[in-house]
Structures are given as C-alpha cells and as structure tokens.
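Each chain is listed here by its residues.
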Amino acid sequence: MQRSLSIEPEKCTGCLQCELACSLDNEGAFNPSKSRIRVFKFEDEGRFVPYTCTQCAEAWCLKACPVDAISLDPETGAKVVSDALCVGCKVCTIACPFGTINYNQDTGKVIKCDLCEGEPECATACPTDAITYIDANWTGLERMRAWAQRTDAGAGAAE
Amino acid sequence: MAWTGKILRVDLGTGTCASEPLNMEWAQNYLGQRGLATKYYVEECDPKVDPLSPDNKMIMTTGPLTGTCASTAGRYSVVTKGALTGAIACSNSGGFFGNEMKNAGWDMIIFEGKSANPVYLLVENDNARLLDASEFWGTSVWDTEEGIKKKHNDPHIRVASIGLSGERGVKFACVVNDMDRAAGRSGVGTVMGSKNLKAVAIRGTQGVRVKDFAAFRAATDAGKAVLAENAVTGQGLPAYGTQVLMNVINEVGALPTRNHLDVQFEGAGDISAEKMVEKRQSDGKANLITNAACFACTIGCGRVSQIERTHFTVKDRPEYQGAKGGLEYEAAWALGAATGVGDLDTLTFANFICNEQGFDPISFGATVGAAMELYETGVITKEQTGGIELKFGSAEALAEVTELTGRGEGFGAEIGLGSKLLCEKYGHPELSMSVKGQEFPAYDSRGIQGMGLTYATSNRGACHLRSYTVASEILGIPEKTDPLVADGKAGLVKAFQDATAAFDSSGLCIFTSFAWTLEDVAPQIDAACDGEWSAERLLEVGERVWNLERQFNLAAGFTGKDDNLPARLLKDAAKAGPAKGLTNQLDKMLPEYYEVRGWTPDGVPTNETLSRLGV
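Here is what the cut-offs are and how they apply
Residues numbered from 1 in each chain as written. Chains lettered and ligands numbered in written order. Predicted model: local features only at pLDDT ≥ 70, side-chain atom pairs only at ≥ 80, totals over all residues. Heavy atoms only, no water. Domains from an automatic or database assignment. Contact = heavy atoms within 4.5 Å. Buried area = accessible area lost by both parts, 1.4 Å probe. Salt bridge = Lys/Arg side-chain N within 4 Å of Asp/Glu carboxyl O. Nonpolar A, V, L, I, M, F, W, Y, C, P; charged D, E, K, R; others polar. Pairing = 2+ DSSP bridges. Helix = DSSP H or I, 4+ residues; strand = E, 2+ residues; numbered from the N terminus. Axes fitted to C-alpha atoms, helices over the stretch in contact; angles between N-to-C directions. Expected span 1.5 Å × (residues − 1).

Some details on the domain arrangement of chain B
Residue and element names in this part refer to chain B. When the domains of chain B are assigned, the result is domain 1 (6–203), domain 2 (257–432) and domain 3 (444–613). Computed over C-alpha atoms, the centres of domain 2 and domain 3 are 28 Å apart. Facing the 13 residues of domain 2 at the interface are 13 residues of domain 3. Between domain 2 and domain 3 lies a buried interface of about 1,000 Å² when both sides are counted; carbon and sulfur atoms form 57% of it. On the surface where domain 2 and domain 3 come into contact, there are 2 salt bridges. Notably, a salt bridge pairs glutamate 373 with arginine 568, separated by 2.7 Å at the nearest N-O pair. Its residues placed into classes, the side of domain 2 that touches domain 3 shows 6 nonpolar, 4 polar and 3 charged.

Here it is as structure tokens:
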C-alpha cells in the first residue's frame, strides 16, 4: 500500500529540520539550499508552509523528460530521477506546474523528492508532526474526523 | 570537521576581503563562537581601544554546531568591545543568518577598520566583496533586508544589518538578522554603525559537515527527545514563549517596576503571555498569531504578533498592521513594567520599532524608566523632552519616545545615551539601574539574590544571559535554591557562568539548558568535532572563556569595584511581596565568589588559576 506525505502548515514553526534531514540524506551534508522540501515563510501573515512534490499519478515531469531519466518507483509511487540518465536539460522544471523539481548547478542534474525509498526523512525529523507519511488513499482522514466531530448527530449518546 | 576551518577577514579601510585558516589549536581550547571569537578579539585588540574608533574590531562568529541538525543549532554571535559598556561584548542571535554564514564556508568574519563610505558585505560562498550601501544608508533594518534581497534578485540571501539607531550612535543599537532576531545587547550595532558597515548579506550552499554523521544523528535525536519531554522546553516555551515568566516573576516579587522603585507591577497580568493568547473584545483576535522557531530549533519559543488595527500606534499605518516578531519576556518587562505601561499593544508596537530600527528593548525600556523618574521628580522638564509628558505609565509617551530613539532624534537621542550617561548628564547617576553601563534585565535582585551576584560580576555588564540562576532559584532547575537567601549563591553563579559560556561557544541556544546539562551537549559536540569532548572538558572551556573575558576587562580598566550594584538595590528594601524588607546581599556573596573563582580578594584571577586554565 502506498503512502503520501501529508503537510499541515498550521503545525509548522519554520525550524527547517525537514530541510536539514532531506539534504543530509540526499547530499551527505546539512545543506538546506539543496533540500527537496522547502519551508516558505509568509512574514506578514505569520504562516509557515512546507512544500514539496505531490508525486502526481500522471507526472508531467516524467512525461516531459526527453531521455526517460524520471521513472516510477512502483513500491512507493515516487517519481525518481536517475542521475545516470539525466542530462540537465531542465524541461521537467518547466513542465512541473508546482515548481517542485529543480536544477542543481553543482551536479548538472535535477533534484526532486523521491520519498526516501518509503521512509521520508523530512517526516521523521519534523518535531511538530506538520509533516507525516500516511495512507495515500486517506490523506483527508484527519480532516474528515475533525469535521465529523463537529456534527451533532449522535450527541449525548455517551452520556 | 564541524568547523569550516576558514576565517573571512574584511578590512573596511582598504575594502579588501581575505580568507585565512582558523587556528585549530585555539578551537580545541575555546571551541567556537563566544569563546573562540573572544580569543581572537583579545589577541588582536588593545584593551584600551575606544569602542567607536576604527581600531576596534568586530567579529561575527558561528559555533561548531551552527548549521547542523542539533536542536537550536543556528546561533551566531557578535564579539567586540561594547559601545554601551566599554567591556568585552558578545551578543548572541538566532534566526537563520548563522546557518547561512556556516553554509557559505565561514566560521568567522573579522571586521577591521572603518569604511570611508557606507558599505555592505556580500558573501556568496567563497566569494566576498564590499558594495556601496548608499541606497540603504538612512533606511531601516526591514527596508535594508528587503532591499538587498530585491537588488540581488535572491530571496534566499540572509541579512544582518543595523537600523537608523545604529547609524546615528544610539549606544544600545543591535545587529538584527531575519527581520526580528537580534544580537541585542551592549551596543554591538553601534560599533557596526561606527564602521560605516550597514549590512552583511550571505548566501551559502556548500553544506555543513560533522565528524561522524551516524553518531551525530543519534546524539542529536537523544537531545531532541529530552527537550520534547521537558515541561519548560516541550510545553511552556512553545505555548507561551519566555513570556510565561511575567506572572511567575511578579508573584515572587522580583519584577522590577518603574525603574526598580517597586518589585511588583499591578499591570503584569495585562502584559503577560496569558493576555497575549486571550481574544480581544474589540476584534475577536488574540495578540499572538503563532509561535515560530529559529533555525533547527525544536522548541519554538518565538512569538508572532499582530496589533489591533485601530490601536492608536498603528491606525492609518498599514506597515505596522501585519504580523511581526512579538514580545518576549525581557522586552515586555522593559517596555512595560520598567516604564509602568500596561498596554499590550503599545508594548508590541514598541517592540516592532526596536526590531525595525535595531535597538535593544531592554536597555531602551530601562533607560525610559530612568528618564520617567527624572521627569516625575522634576529634574527633566517638558521643554527638555520636546513636549512629551514622560510620566510613568504613559503609553503615548512610550510610543513617541520609541520612534524618536529609533531615529536618534530629539529626546530620543538623549534616551540613546543609555541610562548611565543620561542620569549622569542630569546629575543623578544613582538612578541608572545598571552595572558596567548596561541596564538590568527583568529580575529584581532583592527578590532573587543570586541574580545580584550574576549582574555584579557579569563580564558584559548587567545581564541575565551570563548566569541564569533564576532557573535554580525560582524554577528549581537543576535543583531548587531559596531565592531570598544569599548563602551558597557564589558557587551557583560560578557554575551557571561557566556552563553558559560553554553553551555560548557551541552554536546552541542557551534555552536548551532548561532541559539539557553539559552531559546532554557533550555527545553532540563529540560526534561533530575533532577531539574528544566530555562535559568536564566543556565546563573547563567555559571557565577558561570566563577568565579570558575577565582579564580583558581588567586590562581595559575595570576593577573589582565595578562588580557592584546601584545603591537602590543594596539599601532600599523591597516594598512588597515575598522579598519585602530585603535588599540584595552582595557583600556576603562577592568575597566568596572571588574565592571559588580562584581570584584575589580584589577580584583578579591568580596566576595559579590562569595557568591551570591555560589563559
């Protein structure tokens, strides 16, 4: 069963532990500038929003790649870049509507979230559970539960 | 490893930037940040140097853990001779700037000389250059930070800058990074301004490495778990910030009020953490929008606040109506209790201005408190204030004088002298609530005895961040001691001072020490840094740093006589609360302190002590 990254911005404090964990796993150093997940700060609103690839089922980056360097990991559903095949043409970075695949000028390849082979480091590192890794079919479950709790149907049954 | 091994030396006089290797022998003895930069500073600067002369140097410095995933590991410090104090200064800041400096490949940046014209330093990894800052000179911290990012078309650049107050010689100006985090105390921003250095802008993409990544992950994960499980760092600070202390300290009768005339503030509840989360009747919103974390911090004590849009301070001024860095306890105390102003939104506004124009709310608020006493006793007149009715409790007066001080204009220029020079100027030096020229923070030493010794002996002037015995005396961390008793405080203060100096040399935030001891820190340093690092070794580094700073201050002209408190705290008893009838018993604590420090009865480190520590 596939799982998805679930992001709840209201829980984020902007600490960047996700970026640190991501860069360590992928780059072998603490280097937020190379993180596949980024936290955006909306200064005047006091909001922090982590953002990364949603792993589209029909992935535009994958379809756009002229050398088939992006493939589907059937286990996790992640769209994964092969460094051996990527030629750094950047067409995928144009194709992606969300901007979550980007060019790394140090290597001449593109980088994107690959779900860390099913154990996303960002979710493990997040101290506030703003990023979790949950059932891909039920990413709305907690929101459903919250709304369900607000209905008055069955109220009083526990009394 | 952990250290980048590189120093950037910037000569503002000639406009040159050069790389040099870090002295690794010193790094083994002084670790980093506060300790290591102080070592560089004292080796290179004449202790008698005028803080505002080109011969004074200013060092921006990271610690070995800065830029790593250790919780709170984003700190940097500014080390120099303080403009406010004339003593060694080390002001520590969070935010994200420290990581950027480390990721650009630099342990430290040493600034020398003075630029003929306003400049800013732009660092992009190995490439550093000084650029003309004339378009930013005369603008605020906020406009400078935004302007630099826009000019270079790079939102990832991190900026540390000074505001108008720092340009115009306000003695307690800060260096502010990331809009609302500050190297706040002792006038390090004033020194930066005296060099015509407007800002330091950094972009770093090289990565930070440690000795043993696997061991480091394990050690930092263990540290994070301790922070999460601790009531203060896991619950109190995220929910309420440091402001959780306002009602607590007021209850114990140690909340200095109206220039230390009182020890309890009747308006404490109105400016407390609890008030910040309460929904206002007028617009149904709370002052606090959310909490915020600095780089890598798993505590998240930062406040993000919004002022009611119709409040007199922001009405018709949309630039102050959005969410911005909110009140922490020290700022809320200084802007509020010290001045007798109990209006939360006015204090929040004053705090915004302190960030926008880069000046220390503690020294500022305390100096306004002193000026209010001078005004109420008729020493300062309405003509001298430029028409401001500078009475205790006046929110309007506070708001006005805050903006004037931010711009260094009118009576704000007088406030910008700091309380010591201001009170001397008006013939009442006894009304300056300061030590070595630096104003007290938010704890009255009549009700928390150990803090009196802390303030008197602090190497950078009165400060709570050199030995926070409040932790022991009020909160019971690591163990409870009686705040009203002087006995045993000498050893307690020394222990806190040495441990704090070690934390400040690591790249970590001192707030972790609510939950961590050096036993929690040592494995993290040991996994990151070359060499073997135990808690004992770290404590020795701290003691070495403390004695190095002391030696510098003695050479600068301070003596044991400067380890003192204002007469108000030694002679005028607290009027109310648990400490009613008490003064601070410094005379009982100080001789014992010198003894446990291995110093002479005059407060001079003995040769034996210095050689034991290798200073």
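Still more to cover.
Description of the sheet that holds strand β7 (residues 119–124) of chain B
Residue and element names in this part refer to chain B. Within the open sheet, the 6 strands sit side by side as β8-β7-β12-β9-β10-β11. Their pairing is mixed. The open sheet terminates on both sides in strands that have one partner only, identified here as β8 (127–132) and β11 (181–183). Strand-to-strand, the axes of this sheet are offset by a mean angle of 20°, without reference to chain direction. Where strand β10 (residues 175–177) and β11 come together, 3 bridges link them in antiparallel fashion. Paired with asparagine 177 across the strands is arginine 181, a residue of β11.

Considerations on helix α21 (residues 535–556) of chain B
Its 22 residues give α21(B) an end-to-end C-alpha distance of 32 Å, which sits within 8% of 32 Å, the value for a rise of 1.5 Å per residue. Once α21(B) ends, the next one or two residues include Gly557(B), with phi positive near 120°.

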